[in-house]
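Working through the structure, step by step
Next come the chains, spelled out residue by residue.
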Amino acid sequence: KQWYQRRVAITAGDEELSPGFPQTVPYSDGSAVKLYGGGFVWFALRIPNYPEVEDESTVCEPFYSASNDATQTISSLNYPDNYPNSESCISVITSNNSRHVVRLEFSAFDLENHVSCSYDSLEIRDGDSASSPLIGKYCGSTSPGTIVSSGNALYLHFSTDSSVVNTGYNASFTAFLVPYTNLALSELLAVAEQQDDYSTDGEGLAQLAIDGNTDGIYSNGHVSHTASINGWWKVTLAAESYISYLDIWNRMDCCQGRLNGAKVLVDNTEIGAVEQVQGVQQYKIVVDLAGREIKIWATSGETLQLAEVEVYGSVIHVDHTLYLGLDLGLDPDQPEVDHSLDDPVDLGLDLDAR
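Throughout what follows, the structure given in this document is the object of discussion. (Residues numbered from 1 in each chain as written. Predicted model: local features only at pLDDT ≥ 70, side-chain atom pairs only at ≥ 80, totals over all residues. Heavy atoms only, no water.)

What follows covers the overall build of the protein chain. Within the protein chain one finds 1 helix and 24 strands. Put simply, 72% of the contacts in the protein chain that link residues at least 6 apart link residues at least 24 apart. Accessible area of the protein chain: about 18300 Å², with a carbon and sulfur share of 48%. (Helix = DSSP H or I, 4+ residues; strand = E, 2+ residues; numbered from the N terminus. Contact = heavy atoms within 4.5 Å. Areas by Shrake-Rupley, 256 points an atom, 1.4 Å probe, with all protein chains shown as cover.)

See below:
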């Protein structure tokens, strides 16, 4: 786009600007406003007062862009030489994909030690601002190790005092898309409950709806069953998770209509209902929320019977260490596959019938 100068007089405070744009108006704090004019539209950009330095190694880089196809590095000022005194450097590592998480892995760490890290320190937060949840404040020679964000950003604040200096830190970072997996399985420590059990002889128990088997024939022993009319069933996941969607599998040997209209809640917030269709067993409910408890509540005036409830999403971290790779057998370094809801998902449903 082309900017056109306007020959007008504009006053900034007590200072009259000469005709023509752009022009810079200084402030007492060393920052400035640059004025632009085009047509009949005017706007201003405030320019921070960044000090000029000759040695690029002493420049604090405020923004880093993480991607899944390249590993990049971030380090303290002057690294591998000693960092300077009296510095305050804030950096944010962000991926432009909201479904990414950021992994930060330290290869070197040596800051002045203090029991509460009051001298030199590196503060890491789970997000993109100083108000994001604190992951940790680090100093001394004990490395933070590997840090994984719960979202697509990490906030780093490196600060030093006026005395002792060390070599600082060096770390690599990358972004990756956490694949969705079924989190509602007994083997992953999910726990199922229901309002009451239909039978006292072990049939129809709540846990049968998260046993990994979608068999909808009740006599085969994989279907939960409440005793109460309009009863509820729920599963509590092992940890707070991002939940993308649910697959709810109905009983099929009889009584399919009992699932019709069942309400679906995540942490007691209603997010949808099952629209049951005769002959269709599998129903997808979009969630796209963080949560831990999923409840299904019958409204048909009948008991609630479920062959299986699958909760697809991702647990990113526990105490900000890599969780998926340890407990779910998934490799975060695998080639990225986008399982987002924007992509077609073959659920084996007869969509015309619905």
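The next subject is the sheet that holds strand β6 (residues 63–65). Spatially, 5 strands are ordered β6-β8-β13-β10-β11 in an open sheet, and the strand pairing comes out mixed. Each edge of the open sheet carries a strand with a single partner, namely β6 and β11 (134–138). With direction set aside, neighbouring strand axes in the sheet form an average angle of 15 degrees. Here β6 runs beside strand β8 (residues 88–94); their pairing, made up of 3 bridges, is parallel. (Pairing = 2+ DSSP bridges. Axes fitted to C-alpha atoms, helices over the stretch in contact; angles between N-to-C directions.)

By size, the foremost hydrophobic cluster in this structure holds 32 residues, and its most contacted members are Trp 233, Leu 246, Ile 248, Leu 306 and Val 311. Those elements that provide at least two residues to this core are β18 (232–250), β19 (263–266), β21 (282–297) and β22 (305–314). If you tally residues by element for this core, the top one is β18, at 7 residues. With sequence-adjacent residues up to four places away left out, Ile 248 is seen in contact with Leu 259, Val 264, Val 274, Gln 281, Gln 282, Tyr 283, Ile 285, Ile 296, Leu 306 and Glu 308. (Core = buried A, V, L, I, M, F, W, Y, C linked by side-chain atoms within 4.5 Å. Buried < 20%, exposed > 50% of the residue type's maximum accessible area, 1.4 Å probe, protein only.)

As a further point, take the environment of Asn 213. Here Asn 213 lies in the loop between β16 (191–194) and β17 (224–225). Here the alpha-carbon distance between Asn 213 and Val 223, two residues 10 residues apart in the chain, equals 9.0 Å. Aside from chain neighbours lying at most four places away, what touches Asn 213 is His 222, Ala 307 and Glu 308. Of note is the side chain of Asn 213, whose polar atom sits 3.3 Å from the side chain of His 222. (Polar contact = N/O pair within 3.5 Å; in protein donor to acceptor, adjacent residues only side chain to side chain.)

What follows deals with the pairing of β22. Counted residue by residue, β22 has 10 buried out of 10 residues, so it is predominantly covered. Strand direction decides the pairing type here: β17 and β22, joined by 2 bridges, are antiparallel. Pairing of Ser 224 across the sheet is with Leu 306, part of β22. Examined bridge by bridge, β18 and β22 share 8 bridges and lie antiparallel to one another. Bridge pairing links Ile 248 to Val 309 in β22.

Let's shift gears to the packing of aromatic side chains. This structure, assessed with the given rule, holds 8 aromatic pairs. Note on Tyr 64 and Phe 173: the rings are 5.7 Å apart at their centroids and 80 degrees apart in plane angle, and the pair reads as edge-to-face. Placement of Tyr 64 in strand β6 and of Phe 173 in strand β14 (residues 168–177) is noted, with a sequence separation of 109 residues between them. With a relative accessible area of 1%, Phe 173 lands in the buried category. Note on Tyr 245 and Tyr 312: the rings are 5.1 Å apart at their centroids and 20 degrees apart in plane angle, and the pair reads as stacked. Here Tyr 312 lies in strand β22 and Tyr 245 lies in strand β18, a separation of 67 residues in the sequence. Across this residue pair, the class does not change: Tyr 245 and Tyr 312 are buried. (Phe/Tyr/Trp six-rings, centres within 6.5 Å; stacked < 30°, edge-to-face > 60°.)

This structure, assessed with the given rule, holds 4 salt bridges. Close ionic contact of Glu 302 with Arg 258 constitutes a salt bridge, the shortest N to O distance being 4.0 Å. With Glu 302 in the loop between β21 and β22 and Arg 258 in the loop between β18 and β19, this pair connects stretches of sequence that are 44 residues apart. Among the residues examined, Glu 302 registers a relative accessible area of 35% and is labelled partly exposed. Arg 258 sits in the partly exposed class, given a relative accessible area of 22%. (Salt bridge = Lys/Arg side-chain N within 4 Å of Asp/Glu carboxyl O.)

This part is about the sheet that holds β14. Consider a sheet: its strands pair through backbone hydrogen bonds, and that pairing is either parallel or antiparallel. Read from one edge to the other, the open sheet built from 4 strands follows the order β7-β14-β9-β12, with strand pairing classed as antiparallel. Looking along the sheet, the strands with just one partner apiece sit at the ends: β7 (72–75) and β12 (146–148). Direction aside, neighbouring strands of the sheet carry axes that sit 25 degrees apart on average. Examined bridge by bridge, strand β9 (residues 100–110) and β12 share 3 bridges and lie antiparallel to one another. Looking at the pairing, Leu 104 lines up with Ile 147 of β12.

That's the geometry; what it means functionally is another story.
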